[in-house]
Amino acid sequence: MPDSLSTPAHKPLSNEIMIQMEGVHKWYGAFHVLKNINLTVQKGERIVICGPSGSGKSTTIRCINRLEEYQSGRIVVSGQELSNDVKQIEQIRREVGMVFQHFNLFPHLTVLENCALAPIWVRKLPRKQAEAMAMQYLERVKIPEQARKYPGQLSGGQQQRVAIARSLCMNPKIMLFDEPTSALDPEMIKEVLDTMVTLAEDGMTMICVTHEMGFAKTVAHRVIFMDSGEIIEEKPPEQFFTNPESERTKLFLSQILHH
Amino acid sequence: MAEAHIPHPDLPPPVSTIGVIGWLRRNLFSSPLNIVLTILAVYLLYTALPPLLRWVLWNAHWSGDNRADCPADGGACWVFIRVHFEQFMYGFYPDDQRWRVKTALVVLILSAAPLFIRSVPGKIKMRLGLSLLAIYPVIAFVLFKGGLLGLATVETSKWGGLLLTLVIAGVGMTAALPLGVLLALGRRSQMPAIQTLCVTFIEFWRGVPLITVLFMSSVMLPLFMPAGVSFDKLLRALIGITLFQAAYMAEVVRGGLQAIPKGQIEAAAALGLGYWKTMGLIVLPQALKLVIPGIVNTFIALFKDTSLVLIIGLFDLMNIVHNATTNPDWLGFSTEGYVFTAAVYWLFCFSMSRYSHSLEKRLHTGHKR
């Protein structure tokens with residue numbers, strides 16, 4: 001199924017750095033979840049993070065928009081270093097969209113209201129303008145006809161596409177995807193991946209935590225493999241899949257590719 | 001290609017499962033135990049209902065204006081209620097000023113009516129509701145209390161009857177809900193000082209009986225006040241009841257807040273919404289909707305608890321009826337008085353219950369995520 005995805009052209013990347021993580025450590029109590037994470041992401045770059053569950057993939061990307069605190073190291077997002085200042089965190093979150101495994105749409109609002117909410121309340125756009133923009137993005141994820149429905153009336157794949165549209169309505173510079181297809185029925189995975197590919201074609205900076213290796217192969221500039229809180233391997237997909245270095249990566253790949 | 005599948009035609013259902021007979025079988029005679037219970041219930045109705053109806057309706061006395069019109073023949077004396085009706089509604093509010101209360105009631109009914117009309121858009125309802133909440137108490141207060149715009153002053157000690165009950169209940173509800181919401185949010189706050197403050201407040205007020213609160217407000221509080229400073233007794237009772245009910249409300253709302261998945265808050269945060277916007281736009285609308293039954297439960301309890309103000313000498317509906325039953329001219333009609341009181345309380349509480357029911361249905365947009 002992922003083979004049918006079209007390949008976005010790999011445009012040359014600019015040298016502008018969008019995300020810089022330096023020596024990030026995080027503990028949950030005594031449990032060391034992230035161990036010295038170093039990661040630099042350039043503008044327009046697309047990164048796929050994979051690894052076994054509990055390896056710290058989600059935690060890593062959740063640190064980028066500060067949904068998780070970290071105890072040491074530093075993260076610079078779009079030129080701003082994350083601090084404890086609430087206003088500054090909100091500032092950065094405006095520029096960083098996030099798509100969750102369980103969609104997290106707001107069930108008491110219609111699809112259109114879900115999308116227009118943040119532009120109205122955070123960007124202070126007039127309602128008309130925000131709704132027009134929301135419709136535009138709903139068209140882009142190919143579900144404008146569902147705009148007046150409530151999330152509970154949509155299929156999982158449709159809900160996830162609404163979630164993507166909702167993030168895009170904030171015109172983010174970076175999109176984070178936290179296992180966007182893991183909670184979906186198999187026949188709905190493709191529609192979501194297709195939407196993500198379109199996004200990639202437009203040059204969005206993306207970090208995706210996913211097990212969709214087909215997506216990684218066709219879309220990613222780099223694939224990162226994490227295990228027990230560490231980045232084990234970091235390579236362009238063609239090398240990552242054909243010529244992995246570490247034994248741990250090889251074992252992981254053999255488990256997810258041949259079953 | 002195989003032949004197209006033709007489904008069998010639908011057969012009519014067995015006669016015993018539909019219509020009146022089906023309903024009876026399903027609901028009243030579905031098992032031996034149910035059959036016994038049904039027969040028992042019918043027997044109880046048969047023995048209890050006729051005497052009750054005889055007392056309430058058939059043998060009851062409706063017309064007249066003194067107790068001589070109510071011979072003791074096993075019927076209720078509704079004359080007692082009729083004669084005292086005005087007093088039950090207004091307490092000792094001066095006769096010639098009662099039009100002010102009626103005006104306030106009419107204003108309330110007219111201005112609140114659109115809230116209950118289904119075709120009015122939600123946004124207008126919201127605005128109207130909020131402005132009513134802000135403006136109506138002022139209008140009502142000016143009308144009731146007077147002393148402004150050429151209206152004669154009517155001291156709060158003269159307010160009474162159903163009017164007083166509704167004032168206490170209305171103020172209690174409209175003040176306790178927002179305060180309860182703030183307390184609930186505070187209790188779940190990340191800031192230890194705010195959290196401790198809210199927990200202490202809630203646990204203190206939940207831990208004392210309302211009667212104690214009312215006693216304290218009316219007897220003890222004046223002792224701590226400097227000489228010459230005195231609060232209105234009604235105001236003190238209102239504050240006591242509000243704080244007391246807010247503590248209960250806080251716990252009800254907290255139940256709702258805890259039912260909202262963390263993902264909702266994270267999604268709001270990821271969009272750049274701050275704490276108050278996240279709470280106001282995402283969490284509270286869902287949480288409050290979930291706990292409508294609990295909120296209304298607290299409202300109903302509050303409504304009935306207003307009758308406790310009788311112990312500090314306020315003449316609410318309950319107390320004024322009680323007062324009338326001790327009137328030497330009308331001794332012996334306390335049953336009628338209390339039945340009437342119960343009916344009035346029931347009417348209000350039941351309406352609240354039905355309204356909350358319809359609200360729940362209307363706001364249901366599916367809790368699937």
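Since this is a predicted model, take the numbers as computed values, not measurements. (Residues numbered from 1 in each chain as written. Chains lettered and ligands numbered in written order. Predicted model: local features only at pLDDT ≥ 70, side-chain atom pairs only at ≥ 80, totals over all residues. Heavy atoms only, no water.)

1. A look at the sheet that holds strand β9 (residues 222-227) of chain A
Residues and elements named next belong to chain A. Pairing in this open sheet of six strands is mixed, and the strands run β6-β7-β8-β3-β9-β10 from one edge to the other. Looking at strand neighbours, the two that pair on one side only are β6 (96-99) and β10 (230-235), the edges of this open sheet. On average, each strand axis in the sheet is inclined to that of its neighbour by 20°, with strand direction left out of account. As judged from the five bridges shared by strand β7 (residues 174-178) and strand β8 (residues 205-209), these two strands associate in the parallel manner. For Leu176, the partnering residue across the bridge sits in β8 and is Ile207. Against the sheet, helix α5 (residues 156-168) makes contact with β6 and β7, and its axis sits at roughly 170° relative to β6, the strand it touches most. (Pairing = 2+ DSSP bridges. Helix = DSSP H or I, 4+ residues; strand = E, 2+ residues; numbered from the N terminus. Axes fitted to C-alpha atoms, helices over the stretch in contact; angles between N-to-C directions. Contact = heavy atoms within 4.5 Å.)

2. Considering the UniProt feature "domain: ABC transporter" (unreviewed entry) in chain A
Per the UniProt record, "domain: ABC transporter" (unreviewed entry) is found at residues 19-253 of chain A. A helix fraction of 39% and a strand fraction of 26% characterise residues 19-253 of chain A, whose end C-alpha atoms lie 27 Å from each other. (UniProt positions renumbered as here; feature names shortened; annotations may be inferred.)

3. Some details on the UniProt feature "transmembrane region" (unreviewed entry) in chain B
Residue and element names in this part refer to chain B. Under the local residue numbering, the UniProt record ascribes the feature "transmembrane region" (unreviewed entry) to residues 33-53, 129-153, 159-186, 207-228, 290-318 and 330-348. Segment residues 33-53 splits into 100% helix and 0% strand. End C-alpha atoms: 29 Å apart. Between the C-alpha atoms that bound residues 330-348 the distance is 27 Å, and the span itself is 79% helix and 0% strand.

4. Some points on the sheet that holds strand β4 (residues 72-77) of chain A
Residues and elements named next belong to chain A. Spatially, β2-β1-β4-β5 is the arrangement adopted by the four strands of the open sheet, whose pairing is antiparallel. Of all the strands in the sheet, just β2 (31-42) and β5 (80-81) have a single pairing partner and so form its edges. When β4 meets β5, the two strands line up antiparallel, connected through two bridges. Residue Val77 lies in a different strand from β5, and its bridge partner there is Gln80.

5. Digging into the pattern of salt bridges
Applying the stated rule across the entire model yields 25 salt bridges over all chains. As a salt-bridge pair, Glu203(B) and Arg206(B) come within 3.2 Å of each other at their nearest N and O atoms. Here Glu203(B) pairs with Arg206(B), and both are found in helix α7 (residues 192-207), just three residues apart, close to one helical turn. According to the relative accessible area criterion, Glu203(B) is partly exposed, its value standing at 36%. One salt-bridge network, held together by shared partners, links Lys26(A), Arg62(A), Glu68(A), Lys262(B) and Glu266(B). (Salt bridge = Lys/Arg side-chain N within 4 Å of Asp/Glu carboxyl O. Buried < 20%, exposed > 50% of the residue type's maximum accessible area, 1.4 Å probe, protein only.)

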